[in-house]
Every structure is written in structure tokens, then in C-alpha cells.
Amino acid sequence: MAKMNLLQAINNALITVMEQDERVMVFGEDVGHFGGVFRATSHLQEKFGRARCFNTPLTEQGIIGFANGLASQGSVPVAEIQFGDYIFPAFDQIVNETAKFRYRSGGQFDVGTLTIRTPYGGGIAGGLYHSQSPEAFFAHAPGIKIVVPRNPYQAKGLLLASIRDKNPVLFLEPKRLYRASVSDVPEEDYELPLGKADVVQEGSDITLLGWGAQIEILQKAADMAHEDGVSCEIIDLRSILPWDAQTVAESVMKTGRLLINHEAPQTGGFASEIAATIQDKCFLYLESPIARVCGLDTPYPLSHEKEYMPDQFKTYEAIKRTLHY
Amino acid sequence: MAKMNLLQAINNALITVMEQDERVMVFGEDVGHFGGVFRATSHLQEKFGRARCFNTPLTEQGIIGFANGLASQGSVPVAEIQFGDYIFPAFDQIVNETAKFRYRSGGQFDVGTLTIRTPYGGGIAGGLYHSQSPEAFFAHAPGIKIVVPRNPYQAKGLLLASIRDKNPVLFLEPKRLYRASVSDVPEEDYELPLGKADVVQEGSDITLLGWGAQIEILQKAADMAHEDGVSCEIIDLRSILPWDAQTVAESVMKTGRLLINHEAPQTGGFASEIAATIQDKCFLYLESPIARVCGLDTPYPLSHEKEYMPDQFKTYEAIKRTLHY
Amino acid sequence: MKDRNHLAKVSTTHEVNIIEDGLIDIPMLQILKPDGSLHENATAPELDEATAVKIHDTMEYIRVLDERMIAAQRQGRISFYLASTGEEAAAVGSAAALSEHDMIMSQYREQGALAYRGYTTSQFMNQMFSNKEDPNKGRQMPIHYGDKPLNFMTISSPLGTQIPQASGYAYGQKMAGNEAITICYFGEGAASEGDFHAGLNMAAVLHCPVIFFCRNNGYAISTPADEQFAGDGIASRGLGYGVKTIRVDGNDPLAVYAATKRAREIALEESCPVLIEAMTYRLAAHSTSDDPTGYRSREEEDKWRAKDPIQRMAKWLEKKGWYDEAANTKLIEKSRADVLAALKKSEKIDVNPIEDIVEDVYDDVPWHLKEQLDNLKSHIKQYPKAYPKTAGRVK
Amino acid sequence: MKDRNHLAKVSTTHEVNIIEDGLIDIPMLQILKPDGSLHENATAPELDEATAVKIHDTMEYIRVLDERMIAAQRQGRISFYLASTGEEAAAVGSAAALSEHDMIMSQYREQGALAYRGYTTSQFMNQMFSNKEDPNKGRQMPIHYGDKPLNFMTISSPLGTQIPQASGYAYGQKMAGNEAITICYFGEGAASEGDFHAGLNMAAVLHCPVIFFCRNNGYAISTPADEQFAGDGIASRGLGYGVKTIRVDGNDPLAVYAATKRAREIALEESCPVLIEAMTYRLAAHSTSDDPTGYRSREEEDKWRAKDPIQRMAKWLEKKGWYDEAANTKLIEKSRADVLAALKKSEKIDVNPIEDIVEDVYDDVPWHLKEQLDNLKSHIKQYPKAYPKTAGRVK
Ligand SMILES: Cc1ncc(C[n+]2csc(CCOP(=O)(O)OP(=O)(O)O)c2C)c(N)n1
Ligand SMILES: Cc1ncc(C[n+]2csc(CCOP(=O)(O)OP(=O)(O)O)c2C)c(N)n1
Ligand SMILES: [Mg+2]
Ligand SMILES: [Mg+2]
């Protein structure tokens, strides 16, 4: 065990897999010598050479295009997009290519070895273009997996699993947590399962569902509700696509209530998919409407960041509303 | 009144607005002399000159980037993307630029005059890349409007309203209907409202909601259900963003049941947003879970197109399941 | 840390100098004259008889295939086709200069390269009829071939996407120590996509052994080259990326072969990209959905019909004593018969069973797709007539 | 229908000719020597005293602004800043050659152009403090200026997006019959984006009167130019698009001015794009979030510090008798005082009231945003301490 922050856990996972597998290559803007603007790839170039850890030109569509080709050849690319907000120039390469590569070729060719890492989320005074949470845009693209860790331990285990998974994975890193705290992370190799939600806290009155940095928010809100005698079950979805509807449904059948929290704008956010699925699977168990506590349906505003965020206070109020429906 | 098919109605709308407003310019791949691969822009170059109707180089990100600039200058661009499947290279220009232009500048600059036209949808033996329905990808981007007509009359009225609306509009044309039939379309100028759903058929037992080419499917399924004595209310959403939750909610409060149909894959499709919103607004009225009849969560397969499609039979069965829940 | 100097190679001037089109001449390599003789100063590439004949015969075969499939589409037997008439030399001549270990990433008009690699008539047909014998499982429209054993990447419709992918593929080949390169085909229209820019720049910076092979055939559907770009073709862009570039007469099979051969050597030896621009002309309609009479004249087409690559090659073979008119006629007839026979066979083969609809989205079928498949299967059983292609086989 | 011939200008060759880097020399325009004298054969552009002094003084002002704001960021008063130290001539010299009717679409390191247009210190501060006096309403991070009256388009963070937009804007200006062009600034890093390719190609094909002004300052954050591209800078790409191109010493204000002046004439008269590559160096860190000691040496920076554009300009002014050392010292002191005063004032001004959060998403506030605002307002009233910036003003 070592104390690591989330960035160090990522870095450690990359070292672990690069030591084991020569085919792993890590690249992106400023990823090489400099180690990335957040330093997630620090010292990888020193350790593994320029051929396996390198800067790319400034072109996200190129980075993912290149990565798709590299993966289809059999190498194991781990491509970094500097900010989640800048992943959209690569949208075509991800949604039309990465996601459909295996299907269109009848399984002859695939990019299953590809992992795309990118920092996402707000709360860092980043305004419109350093704050977005783009998961829902990709959740509508069958063929990729989407994974979000909530702490350093999860980050290492999920990243190792993502890199080794035989499907392309979009790995979203909550950048607000990068250096927020350190926790115990095993130095040895380990994996956490993709597609499985994690029950963070058991409870009986309401299920609170989220992922990434918002799990902290759910915990705070649950603590506030606890003061009122409300018992919250907290679930970290961890994988957005495919997602673990079973764990969520089981929880909701027990608690009868569901609240979903995410930072991205509400309309068309992934909470809508969860709500739509769970109202179907748990119709007879629901005691009140499924609540969504999300970002506003606006771009991410700098000066009103606090107001925009689906924070613990909004969550706590929504818990109360749901309970007293 | 004249008899027009959907393409002719589009063409007629473009002529109408180009005659009135010199600032209107129509462009895209093969849009000029040739009149577009579907011929929606036929004869516009002859009528209005090369400067106002022209071919662009083959670059969707460029087309929308150019259109954004042109709109911000005060011109009225109507940009065509040849197939909805090829809109993704422009995703960044639409989601990060078009949608956020006004907000980020505090309303100093905007691209409100922009309209993006693109054919979408399956049922034409198009396989993975000539069949997609991309509306949900864009519905998560506050700042744009999304409009889908279901017939020639709607097409002309909604397109004229879209072009004149002070917000950027993504106008999705159901290409399966382009030449499918003709109907009466006024030759004079008229507009249909954006953001307002259209109740196509009143009914009392269940609300069937869709848009574009799927309205036909809903109608067929409603006819089948009618044989069983089931009275279906059919609503054409027409605008996906912002969408008319009020009309839908009122209908569901009346019928107690909702079925949503779209061609796009189910997970993260726009039906999920509607279901999430309506289960919240109509919780106490719902007699059964909101049903989604959608495309499968796969790329669009050519050889199994029929099986993939959310057709009238699947819809009819879902109506029965919903009624006998 | 080494000091960087991005001005190291920059000279100076003291007047406002405009760098513009025409400053540089990018000549086009021609070896064969239309009559099959060599241009003065030109030397034919080293080609043994078997290879030379194979180049010619593959072009003839493709010409037949194209004709037959356009006819089949007109008869409503297939939904779509896309011919390469007049451009056969570009694909075949280049493919002949490669090793079979090289990866081919094509656009869609390079059936000649695929045939050269050994794709059989049945394989062509199975893809076009989307039947269960197609290794791509019939999921894409006709002409989206792909074959792993032949190192021919499955074609993707979105234009230009294969360009940065080819850079990545080639990088991987180099890292794996393979004696192989990647060739990436695309049209002058697709070269307008952002992915072109990304792909060439990255290949140059990251030293990827890849040949970017542009077929400049004058049109992108209806859009003529002069509404596609304003520079001197696509070749002139090579300079801007620091990519070695060769322009070649795309209707001259020997020139295409020689250029590609040289490009491959450079790519492999120097670990770098090479750009080839093949000047040719799309004599065919864009596809069976297109009618070019709306945007170009018969006279224009005729000028190019006179530059037919197959005849040029035949005449050269003749001069070499490698050509037999009668054998060729037989070849054409046999090809026609083969195509027809294969077509008849393939159109009768079933599409894949319905289970296949959820395969290959992921490596395994996840829970939600299992659920969707189960629902779909029960539904099909209920409405067998609505799903005739699969209903009979649903268990 | 006119016959098209995409081979009209193509010459032929009979040997495999490789076109490669070094075939063409793109020299860099220099007018001023570091000592303020003119290069032999160089003529200074026509510049009246007022303009010349304004160019110099704006550069001095920006140098001060940059220094002060970096300090303010270190003190935690603003969250972020991005300086243009060493590159002032590129933005200021070019802006001086424009008409005020020309649209400026910048990347983010062109505060000099904005100051030249008349943006005040208060305006700079209001943007950086995201307060309600910022016409952009404080929604973006510091340095994302924008001002409609000054024809300065609000800056967007995603790199390169403004490039095709500038082509479109310029096309609109031409169609409207305006005597105006668009200038589009970007870095050599941003020039790797697909949008660069699209923007330049479209401008060339569609005859848009736009100046593409690339600041090649050697770095994109930590990525040196030689890991960004392999060609001869960005200028060498101009040829490939058929875009007239000028390379200029970006640290020579007179050369930048002369090049831009000429480029503007060409763009307007010939209705076409012109590409300018200004060779300069980012002496500053990329931004206040960056520390360049991790990727470059002090010695390398020092070489460029010696090429300071402000001193060069001052020395020339001196020779012209247009420079007063004492006045300049005063100007610097006054600028410092102004910045400090404005900063103090701006940091006390409120952000916009909460109603503003849903404005400008659309022209009107739609139902769902009204609903979201109403909920938000009641919520803030319940938890005023959690939202100190707006709670006091919620009604
Ligand atoms: C991204 C994308 N945009 C548009 C299309 C539609 N489309 C198919 S082929 C074509 C023209 C391609 O021209 P070119 O690259 O010159 O190749 P050619 O057909 O001449 O061989 C277009 C616009 C597409 N397939 N992909
Ligand atoms: C699309 C996109 N990708 C990445 C970034 C992050 N980023 C901001 S500035 C920068 C470097 C830009 O370099 P250059 O264009 O040379 O401009 P300079 O900073 O040198 O002035 C990067 C990578 C971004 N803003 N947008
Ligand atoms: Mg072409
Ligand atoms: Mg730079």
C-alpha cells in the first residue's frame, strides 16, 4: 500500500501496464517529456522511451484517428485528450469509428485495445471549456465502454481493467479530485470490474446514484439526511456504458426511491437513461418520482459556478422532496 | 395549394426565403449546380447565383465552422450536411461553438440565423452510415434547437420558421419520406411554431409519442390497436429541443400511459429524457411504466434492418403490454 | 535540455515577398504512352511477365466486375454499386508494388487492389449480397469490403477517417518490427477533411511508414476539383507537411507501379510517410445513385476515355510479347461468366441468423443486448411474416 | 457546361521525382535591426508619428499589463492569466495595419490587438474578474475578451475553431459589400487542428477576404514546434491551399506592419485569403498554470529576450526623433498605476445577479430554463451562505 492521489494512481497504473506489456503506448498533447498538463504521464517517457510515450501534434481528431489505427494493428494505445471539453473534434473518430469498428467488420478488425483518458468536470473555476462532463454524449454510442473512477484506489484498478479490456474504453477522470486527497492504493497490480456498480453505503430509505466526483457530494447530502433520520443507500455507477441496471434496480426495489446526480446539464444527461430504465424495471416499487439533481441546461458559467453545480444542498433538498412526495 | 413531396417542400421553402432575404445563403457538399445529392437545393444556384448557393469542399467541420462565422456576421446561412451520419466531424463546431456562441459572449455575438439541414434515419438499406438518427447527441447541447418535420406541409412551415428563428436550428429531414408521397402544401409563405408538439390524433387510452418518419409507424400501430378497441392519442413532438413537455404531460395525465418511439438506439436516446421528465411530472397519473420502442443498442445493421427497426408490430405489442401491465 | 531553434533553417528578406501558387512545379510521372511505347527518357520498372500480366488481367477483371454489378444494380438485384472505370491502374498498379504483408486501408473505389490481393469473385458477391458468407457479416452496404487474411481493412463510409488511422497502423507496424508498411487510399475530395490534415501531419512528425495514395479523379460526386481546392492538386500539400511527394499519371500502370515501388522503399527505409497523387478521372458515375450528365459533358468524358489504362497496358504487353488477344477475350468472357455464376449463388445465400444482430458490438454480448435479443426473438416468432429473412431460423 | 481539366497546369516527367522539403525557400521579412536601424535594402512602411508611437506605447502597455496580471494571479486575485511577453509586435503591429471595421478573431494571446483597438484597462479588468460590467457577462475564464463595438470577436477556448469561422465571416463581409476584411490569429499549435485545414481551404476556394495570421512562437504549451510539424513552418502550407503567403519576423513591428498592410490590400482587392506566418517566441510561460523550466532552458529563452520587439521599436522611434525616454518611463508608471487602480475597482464589482445564468442560452428564456431558474432561486434563498455571490440579490 502507498498513499497516492488520483493522478499518482493513474500514473502508477500506466507504469504497471507499460512494464508488463511492450505494446502499450501512451500519447497525447504534452504527454511526452512534460508528462501532461496535469502530470498524469510524468516520467513515462524517461522510463519507457520516446517511442512509447510521446507528444502528438495538437489535433484531437488525429490523436483518436491514430489511436484507432494503432489499436486495430494490435498495439495497446492509451490516448490522452487534454480536457474532456476538447474531445469533440474527435467525436466522429470515436462514435463512427471506434464504436463501430468491430461491428462493421464482422469482428475481423477491432480497436478493443484502445483506452481514451480524459479529465472531466467542473468546480475548478474553468468556465465553459474546462468544466464539461461529456459522458452522456458518448453513452448513446453502442460499442464503447465508459468508465469513471471516484478515488485513487478505483482509478488504478479501473484503469488497469480498462486498458486490458477487449473493448475500447473512454476513461473519464474527475479532475477536481486529481490532487484533492491521497488514499491507500496497492502498489501491486489489481483490477476492478467494468460494468459493475459499487454500493458505497447501504441504506433503506432512498438510493442515491452518481459517479466520479459527485459521489463525495452524495455522501455529504446523505450525512445531512442522516441527521434527519433518513437512511441513504449510495451507489457509484462506475461504468456508464454498459451500466449495471441490475444493482441499481435491486437497490431501488429495496428503498423505493431513487435520486441521480450528475454535473452535466439535465436534458439528455445520463440520468435520463437511468430514470427511464428504472421507472420501467421498478414501476411497482417506486414511492415517488425518480429525482434528477443535475447541472442546469446552460453552458457551464464561470461566475455562477457554485449556483450551477448540483451540490450537496440541492441534493439534500431533493432527498427531502422525494421522501415527502 | 400544390402537391409536393417532402423534398419539393424543402426546396420551395428555400426559394421562398431566398427571394425575400438577400442574406440567406445555402451551401454544402454538392449543393450548388447539382442541387444536392437528394436534389433539395435544385435550381437554387440558377435562380440566386453562385454566391448565394454553392458547393463547399468536402469538410463538415469546415461547413459548420464557416456557417458559424457567416451567421455571426449577420448573414443567414442554411448549411447542408449530406447525411446525418456525416455530421459528427462538425460535432465540435456545433456543440462547443454554435450552441455556446451567444452565451459565452454575453449576447454580444450570436449565430442565431444559422440553420443546419441534414437527412436522417433508416429504412433505405443504408446500413451503418446512411441510416443514423443523431438527434439525441445534440439534445444534450443547450443553445441549439432541434426540429424534425413529419410530412411536406410540416417541412415547409417548420423550415421557414427555423431559418427565421433567432436561434441556431438543427433541422433533421426524414429521408425515408423524401419522395415517399406528395401532399398539399400552400405555395405562399407560412410558418409552423418551434417548440410546440402537434397532437396528430386524439385518444384516451395511451399516448404514442414520436417524430419524423416514425409518426407513420405510430399511426399504423394505433390502427392495429384500434381494432382491439384501444384509443391512442398520437403526438408528433416536432421539436426535440426545447421540447414541449407540457403538451405531452397533459396528454399523459389524460391517458395514463405513454409510449415513445424512435429509430435511434434506445440507450441515451431522446426517449429517455422524455420518460425521465414525464415520470416526474405525471407520477401519480401513470398506470404503467413508460414504454420505449427504439432501435437496438447496436450500430445500424444492413442485413437485419427490418429486425432492427422499431416498426408498427413492435409498437403494437408494446401498446398491448402497456395496457395490460 | 537541448536548445530548440525553430528559425534554424529560415532565410531572410527585406521586401514583402509573396509566396504563391506556381512557384513550384510538381511534374507528373509518365512512363507509358497511350500507344504502349515508352516515353523518351523513361525506363519501365522491373516487372516480370507474371506480374505484368497479373496487373493487366486484374484491371480487365475489375472492368468486367464493375460493368456486371452496375447491371445487377439496375436489375434490382443489389441495392448499390460503385465502379472504378478508368481508374483501374491507380489501384492495381499500386497494389502490385506492395508486399502482401502491407496493410491496405482503402476509401471505396479500390476494388482493383483487393482483387490483386486475391479476393475472389464469390467474396465480392457475398459482401454485396450481405449474406452470411461475408466475413463482415453483411452489416454494411455493398462495396464495403474487408478481409483480414488479405490485410485489407474493412472499408468505412465516413470519408477521410482512415487517413490518421493509417498513420497509427503504420506506427504500430514499425514498433512491432514488421517489414511492412500501410497504404492509405483516398480521393481528392476526402483530402478536404480535417482527418487528412491530422493524418499527414502526424505521420510526418511521428515517422510512420505509410503511403498516402490520393486518387485525384477530378470529381467528388458532382463537385469538380476546382471547387474542392485552389492549390496545385493534393501533391502541393505534401511540402507543407514535410512529406516526400510523388505525382503520377494515374492512368499509366507502369508509372503508378514505379512510383509506389519507390515510395514503399522510402517509407520502409527512412520510416516516413510518402504522398502519391495519381492524376486520373472518374469515368464512371459516382455510384449507381448518381447521374453525371447533370454536371459534366460527354466531351469531357470522351477525352479521358481515350486515356484508358487497360489498353495502354495491353499495348505495352503486346510489345513485350506478353499479350495474347484471344486469351484476353477468353479471360473477359470467363470473368463475365464467373461473376454471373457467383452472383446467382450468392444472392441465394441467407443473411446471418438474428442472433448475429447483437454480436461484435462488444467482444461479449452484454446484459442489455441479451435482453434486447431475447425480446426481438420472441417478437419475430410472433410476426414471422414481417421478418422473412430471419424468422424461419429463430429458435 | 464547360469542360473541366484538372490537369491543365500539370507538367510531366519520366523519372520518379520526389518533391520534398527544401525545394522552396520561404524567407522571412525583416525591416528593423535590433539596434533600431533599417536592414540594407529595407524600406520602412509609411507610418506617421502618431501611429508609430501608438504601436510602441501599446506594446509597452501590454508588457505592463501582463506583468501586473501575472502578479495578481500569484496573489490569488484572479484565477488565471496568459501573457504575450516577447510577442507583442505580432499582435500590435498587425492590428495597426487594419481598419477599425475589420473583424478580429483571435486565439487568446493577442491582447495587444485589443488594446490597440482601444479596449480600456477597466474593460480588461472587468473581464478578468468576471464581473457584471464585462459585456461577456463573466461567463468565461479570464482572458476570453470580446467586444462588439471594437469588432473583436469573443474568444473561445477550443483551439482552431475560429479559423473556418473567419472564412465565413469574411465571406459575409464581402457579400454585404463591406470595405472590410477579417483577421484570424492562431498559434502554430492550433494550426494542427482539422479546422485549420478546413478554414484555409474554404477561404481559398470561396475567395474570402481574410488574413490568417499565425504566431509561430515555437511552443504549444510544452510541445516544441519540431514535435508539432515536420514541414517548413506554417507558411509552407499556404502553397498547398493556393493561398498567398508572407513570412515575417514577428519580433519586428515594422515588418509585421508592412506585411499585414500588404496582406490586407491583397485580401480586399483580390477577394482572397492571405496567410502570414510571424516567427516569434513565447517568452512567457504558456499561462499561469504552466512552468516552462520543465521543458526548455534559460539559455534558449535568453537568446530570444535579446530580440525584444519593444526595444527595437523604441530605438527606431528614437532615430526618428519620436521617442522621449522620460515620457516612456512615465507611461510605464502610469500604466502600472492604472492597472492597479482598475484592478482594485473591478475586483469589488459584483458578478451578475442569478437571473443571468439562464440568459443568452437562447434569445428568449424557454420554459424549462424558467423552471430551473425558479427552483434555483428558491434554493438560494434557503441556503444563502452557500451562494454568497448572488444570494443577497435574489428576489
Ligand atoms: C464524412 C463524409 N462526408 C460525406 C460523404 C458522402 N460522400 C460519399 S463519396 C463522396 C465524394 C468523395 O469524393 P472523392 O474523395 O474525390 O472520391 P471519389 O468518389 O472521386 O473516388 C461524398 C461527398 C461521406 N461518405 N463521408
Ligand atoms: C481543441 C483544444 N485542444 C487543446 C486545448 C488546450 N490548449 C490550450 S492552449 C494550447 C497550446 C496552443 O499552442 P499554440 O496554438 O501554439 O498557441 P500559443 O499558446 O503558443 O500562443 C493547448 C494544447 C484547447 N484549448 N483546445
Ligand atoms: Mg474524386
Ligand atoms: Mg505556439
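Residues numbered from 1 in each chain as written. Chains lettered and ligands numbered in written order. Predicted model: local features only at pLDDT ≥ 70, side-chain atom pairs only at ≥ 80, totals over all residues. Heavy atoms only, no water.

Chain C has the name 2-oxoisovalerate dehydrogenase subunit alpha in an unreviewed UniProt entry, where Alteromonas halophila is given as its organism. Among the UniProt annotations of chain C, the heading Catalytic activity (unreviewed entry) holds the following wording: "N(6)-[(R)-lipoyl]-L-lysyl-[protein] + 3-methyl-2-oxobutanoate + H(+) = N(6)-[(R)-S(8)-2-methylpropanoyldihydrolipoyl]-L-lysyl-[protein] + CO2". Within the UniProt record for chain C, the comment given under Cofactor (unreviewed entry) is "thiamine diphosphate". (UniProt positions renumbered as here; feature names shortened; annotations may be inferred.)

Identification of chain A as 2-oxoisovalerate dehydrogenase subunit beta from Alteromonas halophila is taken from an unreviewed UniProt entry. Regarding chain A, the UniProt comment filed under Function (unreviewed entry) reads as follows: "The branched-chain alpha-keto dehydrogenase complex catalyzes the overall conversion of alpha-keto acids to acyl-CoA and CO(2). It contains multiple copies of three enzymatic components: branched-chain alpha-keto acid decarboxylase (E1), lipoamide acyltransferase (E2) and lipoamide dehydrogenase (E3)." Looking at chain A in UniProt, the text filed under Cofactor (unreviewed entry) is "thiamine diphosphate".

I'd like to hear about the packing of helix α4 (residues 121–128) of chain C against helix α11 (residues 325–346) of chain C, residue by residue, with values.
Residues and elements named next belong to chain C. One can describe the packing of α4 onto α11 by two numbers: an axis separation of 9 Å at closest approach and a directional angle of 40 degrees. Here α4 lies oblique to α11, going by the angle between them. As for the relative orientation of α4 and α11, their crossing is right-handed in sense. Residue-level contacts link T121, S122, M125 and N126 of α4 to D338, V339, A342, L343 and S346 of α11. Looking at the contact of α4 with α11 residue by residue, the classes come out as four nonpolar, four polar and one charged. (Axes fitted to C-alpha atoms, helices over the stretch in contact; angles between N-to-C directions. Helix = DSSP H or I, 4+ residues; strand = E, 2+ residues; numbered from the N terminus. Parallel < 35°, antiparallel > 145°, perpendicular 65-115°, else oblique. Left-handed = near helix turned anticlockwise from the far one by under 90°. Contact = heavy atoms within 4.5 Å. Nonpolar A, V, L, I, M, F, W, Y, C, P; charged D, E, K, R; others polar.)

How would you explain the coordination of the magnesium ion (ligand 4) if you had to name every residue and give the values?
All names here are of chain D. The magnesium ion (ligand 4) binds to the protein through E188 (OE), E188 (OE), N217 (OD1) and Y219 (O); the donor distances cover 2.0 to 2.8 Å. Around the magnesium ion (ligand 4), the six donor atoms are arranged such that angles at the metal cover 50 to 172 degrees; this shape is classified as irregular. All donors of the magnesium ion (ligand 4) come from a single chain, and their spacing in sequence reads E-x28-N-x1-Y. Exposure remark for N217: the relative accessible area of 3% places this residue in the buried category. On the basis of relative accessible area, Y219 is assigned to the buried category, the value being 4%. (Donors = N, O, S within 2.8 Å, 3.2 Å for Na, K, Ca; no water. Tetrahedral: all angles 85-135°; square planar, octahedral: opposite > 155°, others 65-115°. Buried < 20%, exposed > 50% of the residue type's maximum accessible area, 1.4 Å probe, protein only.)

Help me get a handle on the site of ligand 2, residues and values and all.
In the vicinity of ligand 2 lie 22 residues, with E60 of chain A together with Y108, R109, N217 and Y219 of chain D positioned nearest. A distance of 3.0 Å separates an oxygen atom of ligand 2 from a polar atom in the side chain of E188 of chain D. The side chain of R215 of chain D places a nitrogen or oxygen atom 2.9 Å from an oxygen atom of ligand 2. Partitioned by chemical class, the residues of the shell around ligand 2 number nine nonpolar, seven polar and six charged. (Near = heavy atom within 4 Å. Polar contact = N/O pair within 3.5 Å; in protein donor to acceptor, adjacent residues only side chain to side chain.)

Go over the pairing of strand β5 (residues 115–120) of chain A with me, naming the residues and quoting the values.
Residue and element names in this part refer to chain A. The buried count for β5 comes to six of six residues, which makes it a mostly enclosed element. Strand direction decides the pairing type here: strand β4 (residues 76–80) and β5, joined by three bridges, are parallel. Its bridge partner lying in β5, A79 is registered against I116. Bridge count for β5 against strand β7 (residues 169–174) is six bridges, and the pairing is parallel. What sits directly across from I116, in β7, is L170. (Pairing = 2+ DSSP bridges.)

Break down the interface of chain A and chain D for me, citing the residues and quoting the values.
On the side of chain D, 48 residues touch chain A, which itself brings 41 residues to the contact. Roughly 3,400 Å² of surface becomes buried between chain A and chain D when both sides are summed, with 59% attributable to carbon and sulfur atoms. Per-residue buried area on chain A facing chain D is highest for L58, H304 and E307 of chain A; these three make up 20% of the total on that side. At the boundary of chain A with chain D, the tally comes to one salt bridge. For R50 of chain A, the salt bridge identified is with E227 of chain D, shortest N-O distance 3.0 Å. Applying the counting criterion to the chain A and chain D interface returns 16 residue pairs in polar contact (both at pLDDT 80 or more). Broken down by secondary-structure element, the contributors of at least two residues to the side of chain A that touches chain D are α3 (60–73), α11 (305–308) and α12 (312–323) of chain A. Across the side of chain A that touches chain D, the residue classes break down as 18 nonpolar, 14 polar and nine charged. (Buried area = accessible area lost by both parts, 1.4 Å probe. Salt bridge = Lys/Arg side-chain N within 4 Å of Asp/Glu carboxyl O.)

How would you explain helix α7 (residues 152–164) of chain A if you had to name every residue and give the values?
Along an α-helix, residues three or four positions apart point the same way, because every turn accommodates 3.6 residues. All names here are of chain A. Between its terminal C-alpha atoms α7 stretches 18 Å, which fits the 18 Å expected from 13 residues at 1.5 Å a residue. For α7, the tally of buried residues reaches eleven of 13 residues, placing the bulk of the element in the interior. Of all the residues in α7, the buried ones are P152, Q154, A155, K156, G157, L158, L159, L160, A161, S162 and I163. For α7, the capping residue at the N-terminal end is N151, with a side-chain oxygen 3.2 Å from the backbone nitrogen of Y153. (Expected span 1.5 Å × (residues − 1).)

Let's hear about the coordination of the magnesium ion (ligand 3): which residues, and what values?
Residue and element names in this part refer to chain C. The coordination sphere of the magnesium ion (ligand 3), as far as protein atoms go, consists of E188 (OE), E188 (OE), N217 (OD1) and Y219 (O), spread over 2.1 to 2.8 Å. Given six donor atoms and angles of 50 to 173 degrees at the metal, the environment of the magnesium ion (ligand 3) is assigned as irregular. All donors of the magnesium ion (ligand 3) belong to a single chain; written as a sequence motif, their spacing is E-x28-N-x1-Y. As far as burial versus exposure is concerned, N217 and Y219 are alike and both buried.

A description of the packing of aromatic side chains should follow, citing residues and the corresponding values.
What the rule picks out here adds up to 61 aromatic pairs over all chains. An angle of 70 degrees between the planes, with centres 6.2 Å apart, marks the rings of W211 of chain A and F270 of chain A as edge-to-face. Pair noted here: W211 of chain A is in the loop between β10 (206–210) and α8 (214–227) and F270 of chain A is in helix α10 (residues 270–281), with a separation of 59 residues, a long-range link. Taken together through their ring pairs, the aromatic side chains of F88, F91, F137 and F138 of chain A together with F88, F91, F137 and F138 of chain B make up a single cluster. In this structure, K307 of chain C packs its charged tip against the face of W304 of chain C, placed 4.1 Å from the ring centre. Geometry around Y219 of chain D places R296 of chain D over its ring, the cationic atom sitting 5.1 Å from the centre. (Phe/Tyr/Trp six-rings, centres within 6.5 Å; stacked < 30°, edge-to-face > 60°. Lys NZ or Arg CZ within 6 Å of the ring centre and 35° of its normal.)

With reference to specific residues and values, describe the interface of chain D and chain C.
If you look at the interface, chain D gives 80 residues, while chain C gives 80 residues. At the junction of chain D with chain C, the criterion picks out eight salt bridges. R4 of chain D is the salt-bridge partner of D226 of chain C, the closest N and O atoms lying 2.8 Å from each other. Applying the counting criterion to the chain D and chain C interface returns 32 residue pairs in polar contact (both at pLDDT 80 or more). Contributing elements (two or more residues each) for the side of chain D that touches chain C: β1 (12–13), β2 (28–29), α6 (194–205), α7 (235–241), β8 (244–249), α8 (253–270) and α9 (298–305) of chain D. Among the elements that line the side of chain D that touches chain C, the one with the most residues is α6 of chain D, at six residues. Across the side of chain D that touches chain C, the residue classes break down as 32 nonpolar, 27 polar and 21 charged.

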